[in-house]
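Given next are the chains, with one letter for each unit.
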Amino acid sequence: MFQVLLLFLCSLAAALSKENERGNEETFPSPRIVILGPAGSGKSSLANSLLGRPQGFKNTVDGKKCFEVGLTGDGGRGKTSDVCPHKDNFLGDPTRPNITVIDTPGFGMRKEEEEETITKVVEALREDVKYVDAFAIVLKRTENRQSRALLNIINLYKSIFGPGFLKNVILVASFWGYSREHEIERGDQTEDAWLNQQRQLFKSFKGAENLEAVYYTSKFNEEDEKQTSRFEREMTALYQFAEDAEPFHCKDIVIALDEISKLEEEVERLREIAEEADRLKGTEKKYENCTTELNLLKETPSIATGTGSLVGIALGCVALGLVLGVFFVNCYKNMQSHPDEDDGEESVDSDEESGLKQNNIAKDNDSET
């Protein structure tokens, strides 16, 4: 009898607890989807699409800085700086159920901004929303490398929500075009290839191999039935994931708050290590350049010596040619000058002989006289 009464009381307490948890259902209808991701990854764009809003939507619902697409121009920061839960019909279709979409600021900016973002997210989810059906983590399709910054963001999520939140996580590949041209552009990057690569980011989580993903873009040809059908199929998959998931109770977030400051210190330490590594890498590169230049300089003298020898030989040949040329010219001139001298001597001798003859004739004449 006592056991039956105890079981009844436990069941009643569970029912009352569940009713209390969903006491804000009218304010935040389920499923409740929190949009997370790095700054500029397309979070607000996805949030508006889920609620059937145009991409140029201006938030006049609560006047907060959220649900507006674009960047501020300040270091790639998105326009969202507040945590905003909005409700509406799924895809804006009145025939479909109401849902709640929570837009959040992007992580991955300055440390002070991240601390403020963490506080806003924790307070909004723990104090207002109470529980979440799905965390949609938006990642750019084009950023397919495991960057240090992205790994830090994932670790930050783990510290905020705890490792158990992965069962409520679904990945969203943003900027995933649906046209044939986009398929050609992606090449070997198929849906499965992208998902497997992203799972590596969460390998420290239990169950990372079971992560699911949807593929999203806000820019598609609405007149193309194939593209429109693909968009609705992806959004429906996200909705269905949130509908089927066990709610994540945001009161559990308090357990991880004490670890956040430690993680931030670790992140800061890793940043310093990364900067030092980059600096050392730069120094190593300079060393390699200097070594290369030194080797070239070592090779230069031998090359110069060889070239100098050739130049010396050439100059010697030219000098020798000039000497020989002068010699032969002089010889030629000498040869030309000797015949003239002989002719001169012969003419002198002739003159002398002629003078002697004349003298002899004169003597003869005197003697005859």
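Residues numbered from 1 in each chain as written. Predicted model: local features only at pLDDT ≥ 70, side-chain atom pairs only at ≥ 80, totals over all residues. Heavy atoms only, no water.

On to the overall build of the protein chain. If you tally the helices and strands in the protein chain, you get eight helices and eight strands. Expressed as a percentage of its 369 residues, the buried residues of the protein chain come to 34%. Across the protein chain, every contact between residues at least 6 apart in sequence was considered, and the portion connecting residues at least 24 apart equals 71%. (Helix = DSSP H or I, 4+ residues; strand = E, 2+ residues; numbered from the N terminus. Buried < 20%, exposed > 50% of the residue type's maximum accessible area, 1.4 Å probe, protein only. Contact = heavy atoms within 4.5 Å.)

What follows is about the state of the cysteines. Counted by the stated rule, this structure contains one disulfide. In this model Cys66 forms its disulfide with Cys84; the gap between the sulfur atoms is 2.0 Å. One quick way to see it: the torsion about the S-S bond of Cys66 and Cys84 is about -100°, and its sign makes the bridge left-handed. In this pair, Cys66 is assigned in the loop between helix H2 (43–50) and strand S2 (84–89) and Cys84 in strand S2, connecting sequence segments 18 residues apart. Relative accessible area serves as the criterion here: at 0%, Cys84 is assigned to the buried category. (Disulfide = S-S within 2.5 Å.)

Once that is clear, we can look at the sheet that holds strand S3 (residues 98–103). Taken together, the six strands give an open sheet; going across it, the order is S2-S3-S1-S5-S6-S7, and neighbouring strands pair in mixed fashion. The strands lining the two open edges of the sheet, one partner per strand, are S2 and strand S7 (212–215). The mean inter-strand angle of the sheet, taken between neighbouring strand axes irrespective of direction, is 25°. As paired strands, S2 and S3 are joined by six bridges and run antiparallel to one another. In the sheet register, Lys87 faces S3, and the bridge partner there is Thr100. Across the sheet, helix H7 (residues 225–244) touches strand S1 (32–36), S3, strand S5 (134–140), strand S6 (169–174) and S7, and the angle it forms with S7 is around 150°. (Pairing = 2+ DSSP bridges. Axes fitted to C-alpha atoms, helices over the stretch in contact; angles between N-to-C directions.)

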